[in-house]
Amino acid sequence: MAKTKKTEEIFPARVERLGLASEKLVDAYRTMCKIRQFEYMADKLYAMGKVHGTMHLSAGQEAVAVGLSLAVHNDDYFINHHRGHGHFISKGADINLMMAEFLGKDTGYCHGRGGSMHIADFTSNNLGANGIVGGGIPHSVGVGLALQMQKRSEICITVFGDGASNEGVFHEALNMAALWTLPVLYVCENNKYGMSMDIERAAAKLPIAQRAEGYGMPWRYIDGNDLLEVYETMAWAEEHVRSGKGPVLVETQTYRYFGHSKSDRNLYRSKDEIEEWRTTRDPIMRFRGQLVEHGFLTTARADEVDQEALQVIEAAVAFSDASPEPDPSTVMEYVYA
Amino acid sequence: MPEITYLEAIRQALWEEMKRDERVFIIGEDIGRYGGAFGVTHGMLDEFGPERIRETPISEPTIIAAAIGAALVGMRPVAEIMFMDFTLLTLDQIANQAAKMHYMFGGKATVPMVIRMPSGSGTGAAAQHSQSLETLLMHLPGLKVIVPSTPYDAKGLLLTAIRDPNPVCFIEHKLLYKSKGDVPEGEYSLPFGVADVKRTGKDLTVVTNGMMLTKTLNVVNKLTGEGMDIEVIDPRTLVPLDRETIINSVCKTGKLLVIHEACYTAGWAGEIIATVTGSRAFDYLDAPARRLTGKDCPIPYNRGLERAAVPQEEDIEAEIRSILQGVY
C-alpha cells in the first residue's frame, strides 16, 4: 500500500516536472499496447504453424522500448538485440513491413531474408537487430566515430541484454567509447535471464551497470517497468551524450513473460515467479492504472486504445497474408552490393 | 614509371585515396607514430591526424566492428589487423556481421570496408603469426578476398577495394613488403575477378599467388631455359574468382598445377581443381590435376622446419618436372 500511495503522490507532479503533455502519455500507452499485441499475435501465429523460424518475444519489457524512444530523437541511430520487436515499433517502424518480414514475405523489411531476428529499417536509422548476443554492441564504436567525425548531432543508442554484458566486446566497446568520448547511449535491458541463465549466476557483481565505473562512464540502474522512470533516466542520459560528454550506461530491470525462444519450456523459473511479475509489476497495467487514476485517460478510452492496437496488428497480419513469398530464383540477390 | 616496394604501393593507395575522399580513414593497432607493425602507415599520422589514423587499444573484434558501424553510417574505413592470424579473434564480426548484413537486411545495408591483413610464413614468427587463412574467408559469402602479388597489383587492387561497396579482405604477404616493381604515380584501379596471366605457355598451367608466385616465376624462368613452356596465372582476387581464364588455359595446356602456401586439406587449390575438372577443360586434361601446398601442420619456429612446412623453389621445380615427365 505504501508503494501505491507513493505512486499516487508522485505521478501527476512527475508528469508536470518532466513536461510530458497528456497526448504524449496516451501515445506512449498506445505504443506499449501495440508492442504487446504484436508479441501476442506472433505467439499465436506460431501456434497456428504460420511461422517458419523462431522468435524472441519482448512482452513484459515494453516500458524500456517506449520510455527510451520517447526520450531520444527520431533520427538517432539504433542498434538492437535479437529481442527487438518492441524497439522497432517504438521507433516508428512500419508494423505491416515488420509482420511481413516475421512471416518471411517479400514485402517485409528484408525481403524475407532476415526474419524476426534481423529486422532492420535503415530509413529510420534503425541499424538492425542482431542474432549474435552482443554482436551489435561494438558497432556502436564505429557509428559513434562516424557521427563524431561528421560533426553530427545524432547519437547512437545501443540496446542489449543482460546476457550480452558478459561478452568480451561489451568491455572493448565501452572502453573505446569512453576513451574517445563517443556519442553512444548504452542500454542494458536486463530481463533477468540470458536464455536460462539467471544473471545472478552469471555476473560476479551486480548491478551490471556498475561496470561502467571501470571505464569512467556515468551509469544508472533503474526499474525498467516504470515508463516515467525509464523516460526520465533516458532523457538525462541522452542529454549527457548529445552534449558531447561521452557515453552513458543505463541498466533497466525488466522481465520477459514468454520463454527465451520457441524451444523454451521455462524449466529454469517458476510459474509463480512469472505470475508475480505479470500481476504486480506489469509495465502496461501499471502505466494504464496511473493514467486512469489521474484522469489522463478514462477506462473506456483506454479499452478503445487497446482495441485499436489489436486492429493495427490484425491489419498487419492481413497485409502479410496478402503479400507474396520471395521468388526462390532470387536467392542469390543481395549477397553482394 | 617509378619503381617502389609493395609496402610503399599499399601506402600510396591509402594516402592518395584519403586525400581524395574524406570518408576514408584507417583504424588499427600501432598505426600512428609506430607506423604499423610492418610500417605501412608510416608518416600518415602527421599528414592526416589522429582522427583519420585512428589508433586503437588491443581489441581486434571491436576494430572490425567499429569499421562496420562507421561503414553503415557513410564512412569508408580501412581496418588494419596486425597479423592475419588475429582475424581469428574477430571472426564473429567478419563472418556473422560484415559478410551477412547486406543479405540478411534485404539489401538495405551496405558495408563498404577493407580489412588489411599481413599473411604468411618465412619470418620466424611461428605458429600464431604466420598463417595463410584465405580459404577460411573465401568460404563466407558476402566477403571479397583479394591477394595482391606485386606492387602494381597491390596499389590498383587496394584502390578498387576501398571503393567497393562490400567488405573486402585484403591479404598482404609479409615477405612481399620489400619486393619492388613499377608502379604508376596517381590514380589507377584494377578490376576484381580478372586474373593476370603472368606468362603464357603451352605445356602446363600453374595457378598461384602471393609469395608463391614469386617463387614459381623464379623456377619457371630457369625451366624455360631448358625448353619447358609453362603458363603462370595469378588469380589476384580469390573472391570473385576468374574461373574462365584458368579453364581456358587448361584447355590449351592440358595440365594443371595449383600452388599455395596455405595448408593442404580443404585449401583453395581444391576449388581450382574442381573448377577445372568440372568444366569443359576436363576433356583436355592429359595428366592428373596436381596441387603443391603448405603441409597440414602449424608453422614451426626453427628455420629449417619453417621452410619444410611450405613449398620452396626446389619443391616447385621438382613438382613441375614430375608433371612434365609424367611421374606422379
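The rules behind each value
All residue numbers refer to position in the chain's written sequence, counted from 1. The order in which chains are written sets their letters, starting at A; the order in which ligands are written sets their numbers, starting at 1. Whole-chain, interface and lining totals are the exception, using all residues; otherwise, since this is a predicted model, local features are given only for residues with pLDDT of at least 70 and side-chain atom pairs are given and counted only at 80 or more. Working definition: the nonpolar core is a set of buried Ala, Val, Leu, Ile, Met, Phe, Trp, Tyr and Cys residues, joined through C-beta atoms within 7 Å. Partly exposed residues are those whose C-beta has more than 12 but fewer than 20 other C-beta atoms within 10 Å; with 20 or more the residue is buried, with 12 or fewer it is exposed, and the C-beta atoms are placed from the backbone. Only DSSP runs of H or I with at least four residues qualify as helices, and only runs of E with at least two residues qualify as strands; both kinds are numbered from the N terminus onward. Residue ranges assigned to the domains are those given by an automatic or database domain assignment. C-beta atoms are placed from the backbone for every residue, and two residues are taken to be in contact when these atoms lie within 7 Å. Here the axes come from fitting lines to C-alpha atoms, over the contacting stretch only for helices, and the angles between their N-to-C directions go from 0 to 180 degrees. Put simply, angles under 35 degrees are roughly parallel, angles over 145 are roughly antiparallel, angles from 65 to 115 are roughly perpendicular, and the rest are oblique. With the far helix as reference, a near helix turned anticlockwise by less than a right angle produces a left-handed crossing, and one turned clockwise produces a right-handed crossing. Only Asp, Glu, Lys and Arg are considered charged, only Ala, Val, Leu, Ile, Met, Phe, Trp, Tyr, Cys and Pro nonpolar, and every remaining residue, Gly among them, polar. Two strands pair if DSSP finds at least two bridges between them.

### Focus: the nonpolar core
Moving on, step 1. Counting 194 residues, the largest nonpolar core has Ile157 of chain A together with Ala67, Ile115 and Cys169 of chain B as its most contacted members.
Moving on, step 2. Of all the elements, helix H3 (residues 60-72) of chain B adds the most residues to this core, at 9 residues.
Moving on, step 3. Both domain 1 (3-182) and domain 2 (196-325) of chain B contribute no fewer than three residues apiece to this core.
Moving on, step 4. Beyond its immediate stretch of four places on either side in the chain, Ala67 of chain B contacts Gly142 of chain A together with Ile27, Pro77, Ala79 and Met113 of chain B.

### Side note on unusual backbone geometry
Moving on, step 1. The omega torsion across Leu206 of chain A and Pro207 of chain A is -5 degrees, close enough to zero to call that bond cis.
Moving on, step 2. Mapped onto the fold, Pro207 of chain A is located in the loop between helix H8 (199-202) and strand E6 (219-223).
Moving on, step 3. For the bond running from Val239 of chain B to Pro240 of chain B, omega is 0 degrees, close enough to zero to count as cis.
Moving on, step 4. Tracing the chain through its elements places Pro240 of chain B in the loop between strand E12 (237-239) and helix H9 (243-253).
Moving on, step 5. Even without glycine at this site, Lys192 of chain A takes up a positive phi of about 85 degrees.
Moving on, step 6. Of note, Lys192 of chain A is situated in the loop between strand E3 (184-190) and strand E4 (193-194).
Moving on, step 7. Residue Lys192 of chain A is classed as partly exposed on the basis of its 17 C-beta neighbours within 10 Å.
Moving on, step 8. Its identity is not glycine, yet Ala266 of chain B carries a phi of approximately 65 degrees, on the positive side.
Moving on, step 9. Assignment of secondary structure puts Ala266 of chain B in the loop between strand E13 (256-263) and helix H10 (268-277).

### Structural notes on the packing of helix H8 (residues 210-224) of chain B against helix H12 (residues 313-325) of chain B
Residue and element names in this part refer to chain B.
Moving on, step 1. Put simply, H8 and H12 touch, their axes get as near as 9 Å, and they point 50 degrees apart. Regarding the angle of H8 to H12, the classification is oblique. Remark: the crossing between H8 and H12 carries right-handed chirality. Each of Lys215, Thr216, Asn218, Val219 and Leu223 in H8 lies in contact with H12, whose residues at this interface are Glu313, Ile316, Glu317 and Ile320.
Moving on, step 2. Its residues placed into classes, the contact of H8 with H12 shows 4 nonpolar, 2 polar and 3 charged.

### Side note on the domain arrangement of chain B
Residues and elements named next belong to chain B.
Moving on, step 1. When its domains are assigned, chain B resolves into domain 1 (3-182) and domain 2 (196-325).
Moving on, step 2. Using C-alpha coordinates to define each centre, domain 1 is positioned 26 Å away from domain 2.
Moving on, step 3. The interface is formed by 25 residues belonging to domain 1 together with 26 residues belonging to domain 2.
Moving on, step 4. Elements supplying a minimum of two residues to the side of domain 1 that touches domain 2: helix H6 (134-138), strand E6 (144-146) and helix H7 (151-163).
Moving on, step 5. Broken down by class, the residue content of the side of domain 1 that touches domain 2 amounts to 11 nonpolar, 11 polar and 3 charged.

### Quick look at the sheet that holds strand E9 (residues 196-199) of chain B
All names here are of chain B.
Moving on, step 1. What the 5 strands build is an open sheet, ordered E9-E11-E10-E13-E14; its pairing is mixed. The sheet is open, and its two borders are formed by E9 and strand E14 (290-294), each paired with just one other strand. With strand direction ignored, the average angle separating the axes of adjacent strands in the sheet is 25 degrees.
Moving on, step 2. Relative to E14, E13 is paired through 5 bridges, and the arrangement is parallel. By the bridge assignment for E14, Val258 is matched with Arg291.
Moving on, step 3. Most of the contacts of H10 go to E13, to which it runs at about 155 degrees, and overall it touches strand E10 (204-208), E13 and E14.

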